[in-house]
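Fold and contact review
These are the residues of each chain, in order.
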Amino acid sequence: MVKDYIRQRFFPHLWCAGCGHGTVMSGMIRAIDRLGLQQNEIVVVSGIGCSSRMAGYLDFHTMHTIHGRAVAFATGVKMGRPDLKVVVPMGDGDALAIGGNHLIHAARRNLDLTAIIMNNRIYGMTGGQFSPMTPFGEKGTTAPLGNIDQAFDIVELAKGAGASFVARTTTYHVQEMTRFLAKAIEHRGFSVVEVMSQCPTYYGRKNRLGSAVDMLERFRDGTVAKGSRKAAEKPELIERGIFVEEERPEYSSEYSILVNQCMKTKESGEK
Ligand SMILES: Cc1ncc(C[n+]2csc(CCOP(=O)(O)OP(=O)(O)O)c2C)c(N)n1
Ligand code: SF4
């Protein structure tokens, strides 16, 4: 049962009313439940941020580590226990600013991790500073006159870095999100799922986007299913869907093959 995957002793949670991160946590739990995985088979590794608090609330093996280093810790866990499913929930700041280097190299190696990037376009936990996902011209506490940086496109970044599963969805599209998360967790290789998530407290307030419901409606109206007729007619809308789903050599498996070859070479005394 879904409730069994939650550490109720840590509730009430710290998320603001209307925050999208709880919806992502619920989608992730439902995806794991749908896959029929046991609690003991899952490791959740997070960094620091509002999104990263998920590691405290979930009743799997969990590690709540340091900002920007979730993928680095997760790499160690996966290499030590390749039999476990390792899921890494991150904020856009955590994954793409301080943690960007870890993310692209894990993607390049195709290590079997599921990176869930909750893109609220801002640093929520520390008070609304702009992030690598804040669009040009939008505001944050550190960009009161408008941000002059350009934002990343997470899907293009993950594709370019070599991730073998890449998807984008939003907290409005709950069924789709659950489906994509289940596919990502099941996929053997590095998976990136961008979930556009609302932070009404900072991003919404600074940019006058209205209530959490208004922000959700923007996800509904501002995005479109990849490959649909509407996507062709309205290229200005952000596409949702699965952009990459490929089988490629996976890093922890290749590493264990290499170790076995080394052992055989050593035993036979070959040079
Ligand atoms: C090494 C380090 N640098 C900076 C911080 C401060 N810090 C904590 S969370 C955070 C950003 C949070 O934003 P994001 O990762 O996008 O997650 P959100 O809170 O929006 O979910 C920062 C800068 C920290 N804890 N450790
Ligand atoms: S500050 Fe933003 S990201 Fe953090 S809990 Fe509140 S709404 Fe969510």
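A brief structural summary. (Residues numbered from 1 in each chain as written. Chains lettered and ligands numbered in written order. Predicted model: local features only at pLDDT ≥ 70, side-chain atom pairs only at ≥ 80, totals over all residues. Heavy atoms only, no water.)

Considering the pattern of salt bridges
The condition that has to hold: Each reported salt bridge corresponds to a side-chain nitrogen of Lys or Arg within 4 Å of a carboxyl oxygen of Asp or Glu. The helix and strand labels rest on DSSP assignments: H or I over at least four residues marks a helix, E over at least two residues marks a strand, and numbering proceeds from the N terminus. A simple rule labels every residue: compare its accessible area, found with a 1.4 Å probe on the protein chains alone, to the largest value its type can have, and call it buried under 20%, exposed over 50%, or partly exposed in between.
Considering all chains together, one arrives at 13 salt bridges under this definition. Lys-183 is paired through a salt bridge with Glu-245; the nearest N and O atoms lie 3.5 Å apart. One end of the pair, Lys-183, is in helix 7 (residues 174-186); the other, Glu-245, is in strand 10 (residues 238-245), with 62 residues separating them in the sequence. In this structure Lys-183 comes out as partly exposed when scored by relative accessible area, which is 33%. Within this structure, Lys-78, Asp-112, Arg-188 and Glu-250 form a network of salt bridges that share partners.

Points about the packing of helix 1 (residues 21-35) against helix 7
Two measures define how a pair of helices packs: the angle their axes make with one another and the distance between the axes. To keep things clear, this is the line we draw: In this description, a line fitted to the C-alpha atoms serves as the axis of each element, helices being fitted only across the stretch in contact, and the angle between N-to-C directions of two axes falls anywhere from 0 to 180 degrees. For classification, angles of less than 35 degrees are called roughly parallel, those exceeding 145 degrees roughly antiparallel, those between 65 and 115 degrees roughly perpendicular, and all remaining angles oblique. Should the near helix be turned anticlockwise from the far one by less than a right angle, the crossing is termed left-handed; should it be turned clockwise, right-handed. Only heavy atoms matter for contacts: two residues are in contact if any of them lie within 4.5 Å across the pair. Gly is put with the polar residues, along with every residue not named as nonpolar or charged; the nonpolar set is Ala, Val, Leu, Ile, Met, Phe, Trp, Tyr, Cys and Pro, and the charged set is Asp, Glu, Lys and Arg.
Look at helix 1 against helix 7: their axes get within 8 Å of each other, and the N-to-C directions meet at 55 degrees. The angle between helix 1 and helix 7 places the two elements in the oblique class. In terms of crossing hand, the pair formed by helix 1 and helix 7 is right-handed. Across the interface between the two elements, Thr-23, Val-24, Gly-27, Met-28, Arg-30, Ala-31, Ile-32, Arg-34 and Leu-35 of helix 1 pack against Val-174, Gln-175, Met-177, Thr-178, Arg-179, Leu-181, Ala-182, Ile-185 and Glu-186 of helix 7. Partitioning the contact of helix 1 with helix 7 into residue classes produces ten nonpolar, four polar and four charged.

As for a nonpolar patch on the surface
What counts is decided by this rule: Each patch is built from residues that are more than 30% exposed by relative accessible area and take part in no salt bridge. Like charges join if they lie within 9 Å; nonpolar side chains (Val, Leu, Ile, Met, Phe, Trp, Tyr) join within 5 Å. Exposure was quantified through the Shrake-Rupley algorithm and a 1.4 Å probe, taking into account, for residues, occlusion by the shown protein chains and nothing else.
There is a patch of nonpolar side chains on the surface, built from Tyr-251, Tyr-255, Leu-258, Val-259 and Met-263 and spanning about 440 Å² of accessible area. Secondary-structure assignment places Met-263 in helix 11 (residues 251-268).

Considerations on the site of ligand 2
Going by this rule: Proximity is defined per residue: if any heavy atom of the residue lies within 4 Å of a molecule or strand, that residue is considered near it.
Looking at ligand 2, the residues that line it are Trp-15, Cys-16, Cys-19, His-21, Cys-50, Asn-120, Gly-124, Cys-199, Pro-200, Thr-201 and Tyr-202. Taken together, the residues that form the shell around ligand 2 break down as seven nonpolar, four polar and no charged.

Regarding the layout of surface pockets
Selection criterion: With a 1 Å grid laid over protein atoms only, a set of points is called a cavity when a 1.4 Å probe fits there but cannot get out and a pocket when it is open yet has protein on both sides within 12 Å along at least five of seven lines; lining residues have an atom within 4 Å of a point. Grid points are joined across faces, edges and corners, and a volume is the space filled by probe spheres set on the points.
Its volume calculated, the largest pocket comes out at about 310 Å³. Every residue lining the largest pocket is counted, 17 residues in all, and those nearest its centre are Arg-121, Tyr-203, Leu-209, Arg-218 and Phe-219. Element by element, the count of residues in the lining of the largest pocket is highest for helix 9 (residues 212-222), at four residues. Across the lining of the largest pocket, the residue classes tally to eight nonpolar, six polar and three charged. Counted as a void, the second largest pocket has a volume near 200 Å³. For the second largest pocket, the lining is made up of 16 residues, of which Ile-48, Gly-49, His-67, Gly-124 and Met-125 are closest to its centre. Those elements that place two or more of their residues in the lining of the second largest pocket are helix 4 (92-98) and strand 5 (122-123).

Everything listed is a geometric property; what it means functionally is a separate question.
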